[in-house]
Amino acid sequence: MTGPSRSGGSRARLERLARLGPRTDRGRLLLVLLLVAAVTAFTATVPLLRGFFDLRVYYGTVHTWAHHGGRIYDYRVPGTVYGFTYPPFAAVAMLPLALLGRAAAIAVSLLVNLAALTAVLWILAGPGRRRRGWYRCALCLCLLTLFEPLRDTFSFGQVNLVLLALVLVDCLLLTTGRGRWAGAGIGLAAAVKLTPVLFIGLLLLAGRRRAAALATAVAAAATGLAAWAAPAASRFYWTEALWDTGRVGRLDYVSNQSLQGVLARLGEPGRPLWASAVLLTLGVWAWRARRAAAAGDWPAAFALTGIAACLVSPVTWVHHLVWLLPSFAVLVRAGRPRIAGALYAVLCTSVVWLWSGDASGLGGFLGANAYVWVSLGLLFALPAGQPRADRPPLARSASATAPAPSPVRPATTAAGDQSESSSEAGAPAAATGAADGSAREGGRSPSSEPTGSTCPAAAKPQSSSARASSYTVSPPSA
């Protein structure tokens, strides 16, 4: 079956599902209000709330540094051993928090994350974003509220959603052919946190040397600014803290949904085995991402890179998995909404926390690592590198020669702006569940534990007022 037929079938199924709901605006509004009430009740009673613990770390660090002359990596949240673990530029970027009170900082964190989520959804929606309507957008937001990594991002006051938005801006620039400034967002994100560094590798694999150079230059400039602002902290981070993975928490803790976490829970925390697994994963990523980029399928290439970054990182807490959001949009765009829905549902269940106390046995191996299995499945099977028949004709090279007109198939022409618009059709479909398409022949297609979630309360930071994420476990040396 051809690509357009699959996408057309997906669109038809989604239209049928949409017709199953209320037909009138009043009925749709009532359904949305009921869903909002259900989601509110769920989030208020089922998941453990994080008390903005990560934000408390950021806030206390910059206040101590700016107002009391303290050192960035010496700060600890009162009553805990947790402190700042990001590169020094992250502390520089968060300095505006020093001007705010705690309540104002929480409000700003919520607003910034909401703005970042809006940007992410706008980019993932692709060129068909204006056709979604308020009803589908409202349903999408209700579904997103159930997504555990997103819940934790807001509840912890985390920064991963902002970094994802910065990276996806570069994806949009490359997809739409406006790549002059592509790489700047990746470079800025990589200076705040190391996870996005792999996207520079994607640019190199794809032969986008200018974008890779720009990303590297931005990251280096931001890092240099931090070294000027906090030389001692920079020296400590890059020579000691970066190489000590034990500072961020126990590798075998169930929240660590990376390859290293799987091996640590199996009692195999040794580096040789982990390094081998990482090399194999990077090999699969490089092969698939390069093919996707060569086919002009930048959304899939970026989605694969986010998946691989989560897998190979020594520590990938559950809230880091917001990097998987683009892959669900790619699945919907490729006409596989059922698979997207099933995998998304797994990441809404908080199922891994059933094994928070004991991850031994076959059940523990399968259940405690459920999110890792989702990531691996996406890495190997995510639709990427659309076949030529599945790509919009106008998105192909401008040098392609148009076929001669014939009585059966008259020739068509397109203006330059149409070409740019059609190339944008490669952007991922919205997480609202509607696949994007463009005009084609034959039809349209488109205590010491770092984090916690839905698990029994215990004497740990995540189940008390001192809930934690990826933080310093042992104080830095003087």
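Residues numbered from 1 in each chain as written. Predicted model: local features only at pLDDT ≥ 70, side-chain atom pairs only at ≥ 80, totals over all residues. Heavy atoms only, no water.

Structurally, Asn160 can be placed in helix α8 (residues 160-175). Take Asn160: its relative accessible area is 1%, and that puts it in the buried class. Side chain to side chain, Asn160 and Gln158 meet in a polar contact 2.9 Å long. Leave out the neighbours within four places in its chain, and Asn160 touches Lys193, His319, His320, Val322 and Trp323. (Helix = DSSP H or I, 4+ residues; strand = E, 2+ residues; numbered from the N terminus. Buried < 20%, exposed > 50% of the residue type's maximum accessible area, 1.4 Å probe, protein only. Polar contact = N/O pair within 3.5 Å; in protein donor to acceptor, adjacent residues only side chain to side chain. Contact = heavy atoms within 4.5 Å.)

Under the 1.5 Å per step criterion, the end-to-end length of helix α3 (residues 53-68) is 21 Å for 16 residues, consistent within 8% with the ideal 22 Å. In the stretch just after α3, Gly69 is the one whose phi turns positive, near 70°. (Expected span 1.5 Å × (residues − 1).)

Note that Leu325 resides in helix α16 (residues 325-333). Here Leu325 falls in the buried class, since its relative accessible area comes to 5%. In the structure, Leu325 is positioned 205 residues away from Val120 in sequence and 8.9 Å away in space, judged by C-alpha atoms. The residues contacting Leu325, other than those within four sequence positions of it, are Leu124, Leu144, Phe147, Leu164 and Tyr344.

The next thing to look at is the pattern of salt bridges. What the rule picks out here adds up to two salt bridges. Linking Arg71 and Asp74 is a salt bridge whose minimum nitrogen-to-oxygen distance equals 2.7 Å. Note on Asp74: relative accessible area 34%, which makes it partly exposed. (Salt bridge = Lys/Arg side-chain N within 4 Å of Asp/Glu carboxyl O.)

This next bit is on the packing of aromatic side chains. Scanning the model with the defined rule gives 16 aromatic pairs in all. Centre to centre, the rings of Phe53 and Tyr82 are 5.9 Å apart; their planes meet at 85°, and the pair counts as edge-to-face. Separated by 29 residues along the polypeptide, Phe53 in helix α3 and Tyr82 in the loop between α3 and α4 (88-93) bring together distant segments of the chain. For the pair formed by Phe53 and Tyr82, the shared burial category is buried. Among the aromatic side chains, those forming a connected cluster through ring pairs are Tyr58, Tyr73, Phe84, Tyr86, Phe236, Tyr237 and Trp238. (Phe/Tyr/Trp six-rings, centres within 6.5 Å; stacked < 30°, edge-to-face > 60°.)

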